[in-house]
Amino acid sequence: MSSPASPASTSPAPPSRSARDRILDAFEDLLAEQSERAATLEAVAARAGVSKGGLPYHFASKDALVDGVLERFAADLAEDIEHMRAAPDGPVAYFLRTSIPSDNRLERVIVAIARLAQASDARASDALADAQRQWLSELEAVVGDRMVARTIMLIGDGMYYNTALLPAANTVLRDETDVQELIGLVERLSARD
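Conventions adopted
- Residues numbered from 1 in each chain as written.
- Predicted model: local features only at pLDDT ≥ 70, side-chain atom pairs only at ≥ 80, totals over all residues.
- Heavy atoms only, no water.
- Helix = DSSP H or I, 4+ residues; strand = E, 2+ residues; numbered from the N terminus.
- Buried < 20%, exposed > 50% of the residue type's maximum accessible area, 1.4 Å probe, protein only.
- Contact = heavy atoms within 4.5 Å.
- Areas by Shrake-Rupley, 256 points an atom, 1.4 Å probe, with all protein chains shown as cover.
- Axes fitted to C-alpha atoms, helices over the stretch in contact; angles between N-to-C directions.
- Left-handed = near helix turned anticlockwise from the far one by under 90°.
- Nonpolar A, V, L, I, M, F, W, Y, C, P; charged D, E, K, R; others polar.
- Polar contact = N/O pair within 3.5 Å; in protein donor to acceptor, adjacent residues only side chain to side chain.
- Salt bridge = Lys/Arg side-chain N within 4 Å of Asp/Glu carboxyl O.
- Parallel < 35°, antiparallel > 145°, perpendicular 65-115°, else oblique.
- 1 Å grid on protein atoms, 1.4 Å probe; cavity = no way out; pocket = protein on both sides within 12 Å on 5 of 7 lines; lining within 4 Å.
- Points joined across faces, edges and corners; volume = space filled by probe spheres on them.
- Core = buried A, V, L, I, M, F, W, Y, C linked by side-chain atoms within 4.5 Å.

**Observations regarding the overall build of the chain**
- Of the regular secondary structure elements, the chain holds 9 helices and 0 strands.
- When the elements of the chain are put in sequence order from the N terminus, they spell out α-α-α-α-α-α-α-α-α.
- Scored against the burial criterion, the 193 residues of the chain give a buried share of 40%.
- Within the chain, counting contacts between residues at least 6 apart in sequence, those at least 24 apart form 69% of the total.
- With the model as given, the accessible surface of the chain reaches about 10200 Å², and the carbon-plus-sulfur share is 54%.

**Brief notes about the packing of helix α1 (residues 19-33) against helix α6 (residues 105-118)**
- Where α1 meets α6, the axes come as close as 8 Å, and the angle between the chain directions of the two elements is 65°. You can see that α1 and α6 cross each other, and the crossing is left-handed. Of α6, the residues touching α1 (which contributes Asp25, Phe27, Glu28, Asp29, Leu31 and Ala32) are Arg105, Arg108, Val109, Val111, Ala112, Arg115 and Leu116.
- Here the residues of the contact of α1 with α6 are counted per class, giving 7 nonpolar, no polar and 6 charged.

**Some details on the side chain of Arg108**
- Of note, Arg108 is situated in helix α6.
- Judged by relative accessible area, which is 18%, Arg108 ranks as buried.
- For Arg108, the side chain forms a polar contact with the side chain of Asp25, separated by 3.2 Å.

**Some details on the pattern of salt bridges**
- In total, this model carries 23 salt bridges according to the counting rule given.
- Linking Asp29 and Arg47 is a salt bridge whose minimum nitrogen-to-oxygen distance equals 3.8 Å. Of this pair, Asp29 sits in helix α1 while Arg47 sits in helix α2 (residues 41-48); the two residues are 18 residues apart in sequence, bridging distant segments of the chain. You'll find Asp29 and Arg47 in the same group, each marked buried.
- Here the salt bridges share partners, and the residues they tie into one network are Arg17, Asp21, Asp25, Glu28, Asp29, Glu33, Arg47, Arg72, Asp76, Arg105 and Arg108.

**Focus: the packing of helix α4 (residues 62-86) against α6**
- Between α4 and α6, the least distance of the axes is 10 Å, while the angle of their chain directions is 135°. As summarised for this structure, α4 and α6 are arranged oblique, according to the angle between their axes. Relative to α6, the crossing made by α4 is left-handed. Of the residues in α6, those touching α4 at Val66, Val69, Leu70, Arg72, Phe73, Asp76, Leu77 and Asp80 are Arg105, Leu106, Arg108, Val109, Ile110, Ile113 and Leu116.

**Quick word on the layout of surface pockets**
- If you add up the space inside the largest pocket, you get close to 350 Å³.
- Lining of the largest pocket is provided by 18 residues; of these, Asp80, Tyr94, Asn104, Leu106 and Glu107 occupy positions nearest its centre.
- The set of elements that each furnish at least two residues to the lining of the largest pocket consists of α4, α5 (91-97) and α6.

**Some thoughts on the nonpolar core**
- Counting 49 residues, the largest nonpolar core has Phe27 and Trp135 as the members making the most contacts within it.
- The element that contributes the greatest number of residues to this core is α4, accounting for 8 residues.
- Not counting residues up to four positions away in its chain, the partners in contact with Trp135 are Leu77, Asp80, Ile81, Met84, Phe95, Leu106, Ile110 and Met153.

Below you can see the structure in the form of structure tokens.
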């Protein structure tokens, strides 16, 4: 799931968030909206509404910012896995529904980390691979077949690509009915013995 996120506001984050969170939000936004190269310490400080001199108090380097984003991602991923397990319509439906871009925090951080991975950051690549392993493990536990679980993941990736990168008129999934029918088909296929 690595495609450009929806454009976010370029104004500083609300002051009610801690400076550390505002800095991480700003770094993630710059990564997701532009690139790893655009997410300079100066740009992050400006976006977060903190002084360039105050930035090292929270993050001494760009590497420290990456570590902070990866830590938040690990927490977000753990929360997503819990939501997946507890989903009323089940993990398969949850995974497929959440494969449609929704401009939420988890999606934003995945796009940001994908930008870091594209810039050859091994930590980011490892974090994305770990996320895939965790989602795959949850799907496999439900469907009981590793290859079926992988197929569901690839369908989710295709759903993301189709709805994130194509104009609405050109998407395969036109509305909620299409999504529900796809989920029903996948669940029937994964229930076969």
